[in-house]
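Topology and contacts: notes
Take a look at the letters that make up each chain.
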Amino acid sequence: MELKQLYAHELSKHIGESLTVTELEELIEKPKYAKQGDLAFPCFALAKIKRQSPVEIAKGLAQVIHHTLFAKIEANGPYVNCFFDKHQVSAAWMKQILLKGNHYGDVQVGNGEQITIDFSSPNIAKPFSMGHLRSTVIGNALANIVEKCGYHAVRINHLGDWGTQFGKLITAYKHWGVEEKVRANPIPELLKLYVEFHEKAIESPALEDEARAWFKKLEDGEAEAHQLWEWFRDVSLQEFNRIYELLGIHFDSYHGEAFYNDKMERTVELLQEKGLLSPSKGAEVVRLDEYDLPPCLIKKSDGATLYATRDLTAARYRQDTYHFAKAIYVVGQEQQLHFRQVFLTLEKMNYPWAKDMVHVPFGFILKNGKKMSTRKGKVVLLEKVIEEAIELAAKNIEAKNPTLKNKHEVAKQVGVGAIIFQDLRHERQNHIEFSLEGMLKFEGMTGPYVQYTHARACSILANAAAQAIQPSAIGLTDDYSWAVIKQLMAFPNAIETAFKQFEPSEIAKYVFQLSQEFNKYYNQVKVLQADEHMQGRLALVQCVTIVLKEGLRLLGLKAPESM
RNA sequence: GUCCCAGUAGCUCAGCUGGAUAGAGCAACAGCCUUCUAAGCUGUGGGUCGCAGGUUCGAAUCCUGCCUGGGACGCCA
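Figured I'd write up the structure that's included with this text. (Residues numbered from 1 in each chain as written. Chains lettered and ligands numbered in written order. Predicted model: local features only at pLDDT ≥ 70, side-chain atom pairs only at ≥ 80, totals over all residues. Heavy atoms only, no water.)

**Things to note about the overall build of chain A**
The secondary structure content of chain A amounts to 22 helices and 13 strands. On the principal axes, the C-alpha backbone points of chain A span a range of 85 × 65 × 40 Å. The contacts of chain A with a sequence gap of at least 6 include a subset with a gap of at least 24, amounting to 73%. Summed over its atoms, the accessible surface of chain A is roughly 26,700 Å², and 49% of this surface lies on carbon and sulfur atoms. In chain A, 67 side chains carry a positive charge and 70 a negative one; their mean positions are 4 Å apart. (Helix = DSSP H or I, 4+ residues; strand = E, 2+ residues; numbered from the N terminus. Contact = heavy atoms within 4.5 Å. Areas by Shrake-Rupley, 256 points an atom, 1.4 Å probe, with all protein chains shown as cover. Lys, Arg positive; Asp, Glu negative; His and termini not counted. Charge placed at Lys NZ, Arg CZ, Asp CG, Glu CD.)

Printed below as a string of structure tokens:
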């Protein structure tokens with residue numbers, strides 16, 4: 001923030017060499033209360049160096065600091081509080097936002113380098129549950145944020161499309177499957193078959209052998225096995241795509257586990273060549289004793305590879321293909337150990353890019369304080385919840401704005417927005433207690449609240465345009481505008497923090513706060529009132545729509561102009 | 001047993017690299033629509049910041065120990 005630099009610079013002129021400008025900048029903070037100004041410099045550190053009372057130092061500094069952009073410098077106890085010239089600063093910032101439009105807040109840390117983001121990654125033939133929602137929504141937001149920061153995002157859906165379960169699935173299908181049923185209702189049918197297999201296998205263990213045999217055939221590329229596998233994969237993907245479509249999320253790659261099958265051997269060879277492999281209880285592992293970690297398992301005792309092998313292979317493939325500057329994995333926190341092992345193994349393989357691997361873990365969705373179990377069939381289906389949210393949004397529109405055009409589209413945007421926002425407003429590491437109620441809430445800290453704020457603002461702009469009134473970045477000085485301006489100024493900062501911490505909730509919190517300030521403003525100030533400040537107020541409103549829309553976009557929400 | 005994460009208002013959560021009076025949203029109660037969309041705004045009540053020590057001018061924030069909850073810990077992913 002340039003004003004902070006400016007303040008640090010001005011302070012530095014009177015402080016001398018005891019603290020550098022950057023040190024000062026780090027000390028300067030944003031006061032808690034508006035009465036305390038726009039920036040505050042606490043004098044404790046200085047007091048220690050100069051062996052003077054901080055209160056005295058503050059008093060002294062307050063008297064000597066002057067700048068045209070500062071309206072007032074005030075000593076308040078041990079703090080030197082700085083008040084900006086609202087007229088000048090607000091005019092300048094509004095002008096900047098209007099000029100940059102949706103590029104306001106762009107942060108140039110990246111320079112077109114690629115960042116791969118591995119997220120969503122559902123398992124074929126299994127329902128898309130609430131649990132997958134987190135990875136999907138967080139990953140997508142991170143991809144948007146990363147792009148906002150100057151990188152190129154590669155969205156990768158690492159599908160769970162391989163493994164012994166396909167042997168079981170094929171076996172079950174051959175015994176009890178009906179093609180038409182699967183075709184009509186793929187995932188539920190396939191899941192039913194999968195469950196049936198497990199039930200029957202308890203009584204007739206021969207099924208397990210059969211399943212193993214089918215999986216072996218699949219691995220050997222036998223025609224029928226491969227054809228069935230491909231079919232299961234296709235129909236599952238079609239269902240997933242329906243959900244991605246609803247959520248407005250797309251991927252650049254669907255290379256899942258199966259894709260790496262023929263590339264695994266090379267990874268094992270490389271590990272061998274580098275002398276990292278050691279036998280252990282019949283298996284092949286990479287020891288990580290020096291890190292005080294359990295070994296990374298590469299090959300089972302029967303010679304088959306494991307998921308660590310697959311992740312190592314995928315990492316190498318992605319580096320070769322995309323030359324990523326960072327490779328992000330949006331995967332649940334229960335896999336933290338696994339990723340540490342994989343990343344350290346890459347490091348032992350001497351890949352310089354091993355340091356660019358990052359696991360972005362997130363908490364579970366809990367039900368009654370416990371992890372939701374897929375096994376017990378008590379899964380809540382995401383699609384159902386989305387549909388319910390859309391329906392509720394439609395009902396609201398009917399009640400509150402029945403003449404709205406494209407009702408259906410808006411209902412979709414609002415319903416989906418509620419669900420995405422409900423997830424992203426929480427810090428990703430925290431567990432989330434599953435709450436249908438929470439996802440179907442449109443008031444308070446919700447997506448619809450922010451969308452509604454945006455729509456209200458748009459409505460003012462539309463009314464103004466109808467009267468041929470143009471916004472103009474004229475300075476505003478009242479407290480309500482100023483609160484909004486300050487919030488607008490904080491946008492780039494929110495983005496930077498979100499990027500540095502891989503934390504979309506920073507943006508969610510930000511757009512909510514901006515909405516709050518704007519709604520207060522809206523309630524207190526009549527924008528379209530013909531006086532000399534009207535065009536300035538209009539500019540403020542327009543800035544708010546720009547920033548809200550862009551913030552929502554980063555989170556993956558649409559911003560309808562009316563609702 | 002070892003390691004990781006969390007414990008703030010009745011509920012769900014903020015609180016930035018320690019700083020000035022502990023903050024929202026739900027829920028409860030009381031107000032505000034002849035005026036730009038009331039999916040909004042205003043007000044009231046509600047907190048030993050898990051417990052105990054320590055670091056210092058100052059700790060919800062940093063360190064140690066303990067308690068509670070969740071998770072991970074070799075052939076599943």
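That covers the picture; the talk isn't over yet.
**Re the protein's contact with RNA strand B**
Among the 62 residues in the neighbourhood of RNA strand B, the closest are listed as Tyr33, Tyr79, Lys300, Tyr452 and Ser459. One of the side-chain nitrogen or oxygen atoms of Tyr307 is found 2.3 Å away from a base nitrogen of RNA strand B. In the model, a phosphate oxygen of RNA strand B is placed 2.8 Å from a nitrogen or oxygen of the Tyr449 side chain. Contributing elements (two or more residues each) for the surface near RNA strand B: helix H3 (44-50), strand E3 (79-84), strand E7 (283-286), helix H14 (336-348), helix H15 (382-400), helix H18 (447-466) and helix H21 (505-524). (Near = heavy atom within 4 Å. Polar contact = N/O pair within 3.5 Å; in protein donor to acceptor, adjacent residues only side chain to side chain.)

**Brief notes about the packing of helix H19 (residues 479-489) against H21**
Relative to each other, H19 and H21 sit at 160 degrees, their axes nearing to 9 Å. Considered as vectors, H19 and H21 are oriented roughly antiparallel to each other. H19 and H21 meet at a crossing whose hand is left-handed. Only Tyr510, Gln513, Leu514, Glu517, Phe518, Lys520, Tyr521 and Gln524 of H21 make contact with H19, whose side of the interface consists of Tyr480, Ser481, Ala483, Val484, Gln487 and Leu488. Each residue belonging to the contact of H19 with H21 can be placed in one class, and the counts come to eight nonpolar, four polar and two charged. (Axes fitted to C-alpha atoms, helices over the stretch in contact; angles between N-to-C directions. Parallel < 35°, antiparallel > 145°, perpendicular 65-115°, else oblique. Left-handed = near helix turned anticlockwise from the far one by under 90°. Nonpolar A, V, L, I, M, F, W, Y, C, P; charged D, E, K, R; others polar.)

**Here we look at the side chain of Thr267**
Summarising the element assignment, Thr267 is placed in helix H12 (residues 264-273). Beyond its immediate chain neighbours, meaning those up to four positions away, Thr267 contacts Thr309, Leu312, Thr313, Arg316 and Met349.

**Some details on the nonpolar core**
Counting residues in hydrophobic clusters, the biggest one holds 154 residues, and the most contacted among them are Tyr7, Leu11, Phe41, Leu61, Val80, Met130 and Leu488. Per-element tally for this core: the top contributor is helix H22 (residues 534-555), with 13 residues. The two domains that each donate at least three residues to this core are domain 1 (2-84) and domain 2 (383-555). For Tyr7, the residues in contact, after removing those within four places along its chain, are Ile28, Leu39, Ala40, Phe41, Phe70, Ile73, Val80, Asn81 and Cys82. Grouped together as the second largest cluster of nonpolar side chains are 27 residues, Leu270, Leu293, Tyr329 and Tyr351 included. (Core = buried A, V, L, I, M, F, W, Y, C linked by side-chain atoms within 4.5 Å. Buried < 20%, exposed > 50% of the residue type's maximum accessible area, 1.4 Å probe, protein only. Domains from an automatic or database assignment.)

**What to know about unusual backbone geometry**
Within the chain, Arg51 stands out as a residue other than glycine whose phi angle is a positive 55 degrees. Inspection of the secondary structure puts Arg51 in the loop between H3 and helix H4 (54-64). What makes Arg51 exposed here is its relative accessible area of 76%. You will see that Asp292, though not glycine, has its phi angle at about 65 degrees, which is positive. Its place among the elements puts Asp292 in the loop between E7 and strand E8 (296-299). Overall, the relative accessible area of 72% leaves Asp292 in the exposed class.

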